[in-house]
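Read off the chains here:
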Amino acid sequence: MEGEDPLVWIHRAEQYFLFYVTPNHHKVVVASFNLEGEVFQWFRWMNSLQTTPRWEDFTIALCKEFGPSEFEDSAESLLKLKQIGSLATYVSEYRRLANRTPGVSPGVLKSYFLGGLKPELRYDVKLLKPETIHDAIAIAVQLYAKLRHFRTNASESSSGTRIANPEEGAKHGWTPRELTSSIIWGGAAKIFGGVMVEFIMLTLRTYNGVTSLFVLHLGGSDVVLGVQWLST
């Protein structure tokens, strides 16, 4: 178990004992076959000071020696845990800490998990009202995959778009022109003539919104953000 979380190692050992119906007085000896490095040296030293301990006493001593320090409060760390990077990294760290807080109720564990999600995931997962922490994680995974898919598509579709600012538009003398035919944009609006197209769904990487666009003669750009300069 060199470098492994003692709680994870103990759990795997107990699953092994359960499957092979290992007697209590053989558990420590059987488990010692999987000890390596510093942990094995510690076991040899401890075993030389006394007879082979009971499994329960051995696991307590193992956690004290190689587990988290007494100053590390796993429940507090779980409460403060926030998703900074990928969802997979957050879930992995959440489960590690949750395994160290057996006294926390399932409802509180679910609240901790939801509270640590990024806002873009948190609100949508809450709307679906997961009943258990397992449901919450499963829903979050599906929504995260959906968000990544949309972001990838939005990035690819906007990769060739050149954005100019309003000041550059005024400097180059761009002027509005009349629309000469009807326009249907994404089923959101239908305009017959005029100079402004309303209710346009605009996607720029991670931003999604509805805006109004003026039709202009643009020399080198596809979209100009901002229309305040048109009033001058």
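To be clear, the structure that these remarks concern was listed above.
Now for a look at the structure at hand. All of these numbers come straight from a predicted model, not from anything done at the bench. (Residues numbered from 1 in each chain as written. Predicted model: local features only at pLDDT ≥ 70, side-chain atom pairs only at ≥ 80, totals over all residues. Heavy atoms only, no water.)

**Notes on the overall build of the protein chain**
Link 1 in the chain: For the protein chain, the count of helices and strands is 10 helices and 6 strands.
Link 2 in the chain: Relative to its 232 residues, the protein chain shows a buried fraction of 31%.
Link 3 in the chain: Within the protein chain, residue pairs in contact and separated by at least 24 positions form 48% of the contacts whose partners lie at least 6 positions apart.
Link 4 in the chain: For the protein chain, the exposed surface amounts to about 15,400 Å²; the carbon and sulfur share of it is 56%. (Helix = DSSP H or I, 4+ residues; strand = E, 2+ residues; numbered from the N terminus. Buried < 20%, exposed > 50% of the residue type's maximum accessible area, 1.4 Å probe, protein only. Contact = heavy atoms within 4.5 Å. Areas by Shrake-Rupley, 256 points an atom, 1.4 Å probe, with all protein chains shown as cover.)

**Concerning helix α1 (residues 6-20)**
Because an α-helix completes one turn every 3.6 residues, residues spaced three or four positions apart along the sequence face the same direction.
Link 1 in the chain: Its 15 residues place the ends of α1 21 Å apart at the C-alpha level, agreeing with the 21 Å of an ideal helix rising 1.5 Å per residue.
Link 2 in the chain: For α1, the set of buried residues is P6, W9, I10, A13 and F17. Viewed along the axis of α1, the buried residues span an arc of 95°, placing them on a single side of the element. Among the exposed residues of α1, those oriented more than 90 degrees off its buried face are L18 and F19.
Link 3 in the chain: In the core, the buried residues of α1 are packed alongside α2 (27-32) and α4 (55-66).
Link 4 in the chain: V21 occupies a position one or two residues after α1 and carries a positive phi of about 50°. (Expected span 1.5 Å × (residues − 1). Arc of directions from axis to C-beta.)

**A short note on the nonpolar core**
Link 1 in the chain: Grouped together as the largest cluster of nonpolar side chains are 22 residues, with contacts concentrated most on L87, Y94, F113, L117 and V125.
Link 2 in the chain: Of all the secondary-structure elements, those providing two or more residues to this core are α6 (87-98), α7 (106-116), α8 (119-127) and α9 (133-158).
Link 3 in the chain: With 7 residues, α9 is the single largest residue contributor to this core.
Link 4 in the chain: Setting aside residues no more than four positions away along its own chain, F113 makes contact with Y90, V91, Y94, I133, A136, I137 and A140.
Link 5 in the chain: Within the second largest apolar cluster, 14 residues are counted, among which are I10, V39, W42 and M46. (Core = buried A, V, L, I, M, F, W, Y, C linked by side-chain atoms within 4.5 Å.)

**Details of the pattern of salt bridges**
Link 1 in the chain: As enumerated under the stated definition, the model contains 4 salt bridges in all.
Link 2 in the chain: Its salt-bridge partner being D57, residue R54 comes within 3.2 Å of it at the nearest N-O pair.
Link 3 in the chain: On the accessibility criterion, R54 (51% relative accessible area) is exposed.
Link 4 in the chain: Residue classification places D57 among the partly exposed positions, given a relative accessible area of 37%.
Link 5 in the chain: Across the pair R96 and E93 runs a salt bridge, and its minimum N-O distance is 2.8 Å. (Salt bridge = Lys/Arg side-chain N within 4 Å of Asp/Glu carboxyl O.)

**Focus: the packing of aromatic side chains**
Link 1 in the chain: Evaluation of the coordinates by the stated rule reveals 13 aromatic pairs.
Link 2 in the chain: Ring plane angle 40° and centroid distance 4.6 Å describe the contact between Y16 and Y20, whose orientation is recorded as tilted. Remark: Y20 and Y16 occur in helix α1; sequence separation between them is 4 residues, near one turn of the helix.
Link 3 in the chain: By relative accessible area, Y16 is classed as partly exposed at 42%.
Link 4 in the chain: For Y20, a relative accessible area of 51% gives the class exposed.
Link 5 in the chain: A ring pair is formed by F17 and W55, whose centres lie 5.0 Å apart and whose planes are at 85°; its orientation type is edge-to-face. With F17 in helix α1 and W55 in helix α4, this residue pair connects regions lying 38 residues apart in the sequence. One exposure class covers both F17 and W55, and it is buried.
Link 6 in the chain: By way of ring pairs, the aromatic residues W9, Y16, F17, F19, Y20, W42, F43, W55, F58 and F66 are connected into one cluster. (Phe/Tyr/Trp six-rings, centres within 6.5 Å; stacked < 30°, edge-to-face > 60°.)

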